[in-house]
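Breakdown of the fold
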Number of protein chains: 2
Amino acid sequence: MALEHAILVSLLEQPGSGYELARRFERSIGYFWAATHQQIYRVLKRMESDGWIDARAVAQQARPDKKEYSVAAAGRDALSRWLDEPIEPESVRHELAVKIRGAAFGDPAALIREVERYREAHTERLTRYLAGERRDFPPVETAGAPDAGRELQHVVLRGGIAYERMTLAWLDDVLATLHRLASRA
Amino acid sequence: MALEHAILVSLLEQPGSGYELARRFERSIGYFWAATHQQIYRVLKRMESDGWIDARAVAQQARPDKKEYSVAAAGRDALSRWLDEPIEPESVRHELAVKIRGAAFGDPAALIREVERYREAHTERLTRYLAGERRDFPPVETAGAPDAGRELQHVVLRGGIAYERMTLAWLDDVLATLHRLASRA
DNA sequence: TCAAGCATGTAACCAGTTACATGATTGC
DNA sequence: GCAATCATGTAACTGGTTACATGCTTGA
């Protein structure tokens, strides 16, 4: 389990409300750890009662009040302990791969449109990542040496970019294979 | 949810017992859909009572009897219906990325050993995939044109290989970044 | 005799998903 | 007047993980 820890990291980078966290999980941190607002509110409540985070009511003009959370000492400790734990190999869930193998017992040609849609979604993601990179990580000459936090954020983003590029290349391979099978039949 | 469907695909490729399926989920199909034997037995029971699969008791010499499952007509239908459903974008869970960003609030140098262990696990996986490719997908000249099922299995395996190569390259990037930060501090 | 492999399961728990619910303000 | 954004939640369900449990055979 790591949602708690993803939230701790996000709140250390910047304190915020449950709502704000939910939006960050739609971008940025959500690129490598997805979570819905329901899940976030539930976990925030637990983390608060465990003393990992502190809540502070913030009044806003022309908007509902929000509860701004920040990381407490116990939360920092919990994060440190978690960072020291060995990394377990992640368990894979790749639905598209199951469908591709399943297509042998259905109609391979029918998958083509779906794969194309899927490919478009990944193209979009890559575009978004690259825009984020240009925006948040300008070349060193203009910006000077970045701090550790930024360097680490950048290397994670580069991982996302590499993943999307690899995926797009593979999807082209998949499409070529499906076309070949469709024309053969 | 796709465990049911992954099992259907696996049983269509080759009927087998729960135990055999569990072993396939440790190799082959498990490379892109992980499942433990507990989960598999539970789902098999449900699938049998839903009429998706048929069970047949098989006596074996010097071994406990096994229940061999094969896909029933209703199971084939269920698979077809599922293949026609649109593919939802997968939700990501990348624990290592969370840890890397978390390292900004701990000791980046301490992560190096963990990332190295992680890298080794992926090297091993790549080796396994490549061995599987050599074994199961010999060059066309020697084997003749493969059927659709094999072609599809091969393109999925190529995806796994591409993923592992991309991951290894990224982990080198991560390690270089962590070393740079460690030497700077 | 002891570990490894074959074979099948139950029970309790935890995490994630889906659906539902409320209420305010701003801009079109 | 209506959609969008801000803001926070509950409840029911489903799926996945962990721990526990049994018993047989073969080969070192």
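Below is a summary of the structure that appears in this document. Worth saying up front: this structure is predicted, and the values here are computed from it rather than measured.

Turning our attention to the side chain of H122(A). In this fold, H122(A) is placed in helix α6 (residues 108–136). On the basis of relative accessible area, H122(A) is assigned to the buried category, the value being 6%.

With that settled, the discussion passes to the side chain of T177(A). Structurally, T177(A) is set in helix α8 (residues 148–184). Excluding its chain neighbours within four sequence positions, the residues that come into contact with T177(A) are E151(B), V155(B) and R158(B).

Attention shifts here to the relation of the copies chain B and chain A. Each copy of the chain is related to the other by a rotation around an axis and a translation along that axis. Aligned on chain A, chain B shows an RMSD of 0.0 Å; the corresponding rotation is 180° and the shift along the axis is 0.0 Å. As the rotation angle and translation indicate, the two copies are arranged about a two-fold axis. Judged by C-alpha distance, M166(B) is the residue of chain B that lies nearest the rotation axis, at 3.4 Å. Of the interface residues in chain B, 100% have counterparts in chain A that sit at the interface too, so the contact is made through matching surfaces.

Below, the discussion takes up the packing of helix α6 (residues 108–136) of chain B against helix α8 (residues 148–184) of chain B. Residues and elements named next belong to chain B. Where α6 meets α8, the axes come as close as 9 Å, and the angle between the chain directions of the two elements is 160°. Judged by the angle between their axes, α6 and α8 are roughly antiparallel. Considering only the axes of α6 and α8, their crossing is left-handed. Across the contact of α6 with α8, the residue classes tally to 18 nonpolar, seven polar and ten charged.

Analysis parameters
- Residues numbered from 1 in each chain as written.
- Chains lettered and ligands numbered in written order.
- Predicted model: local features only at pLDDT ≥ 70, side-chain atom pairs only at ≥ 80, totals over all residues.
- Heavy atoms only, no water.
- Helix = DSSP H or I, 4+ residues; strand = E, 2+ residues; numbered from the N terminus.
- Buried < 20%, exposed > 50% of the residue type's maximum accessible area, 1.4 Å probe, protein only.
- Contact = heavy atoms within 4.5 Å.
- Least-squares fit on C-alpha atoms with pLDDT ≥ 70 in both.
- Axes fitted to C-alpha atoms, helices over the stretch in contact; angles between N-to-C directions.
- Parallel < 35°, antiparallel > 145°, perpendicular 65-115°, else oblique.
- Left-handed = near helix turned anticlockwise from the far one by under 90°.
- Nonpolar A, V, L, I, M, F, W, Y, C, P; charged D, E, K, R; others polar.

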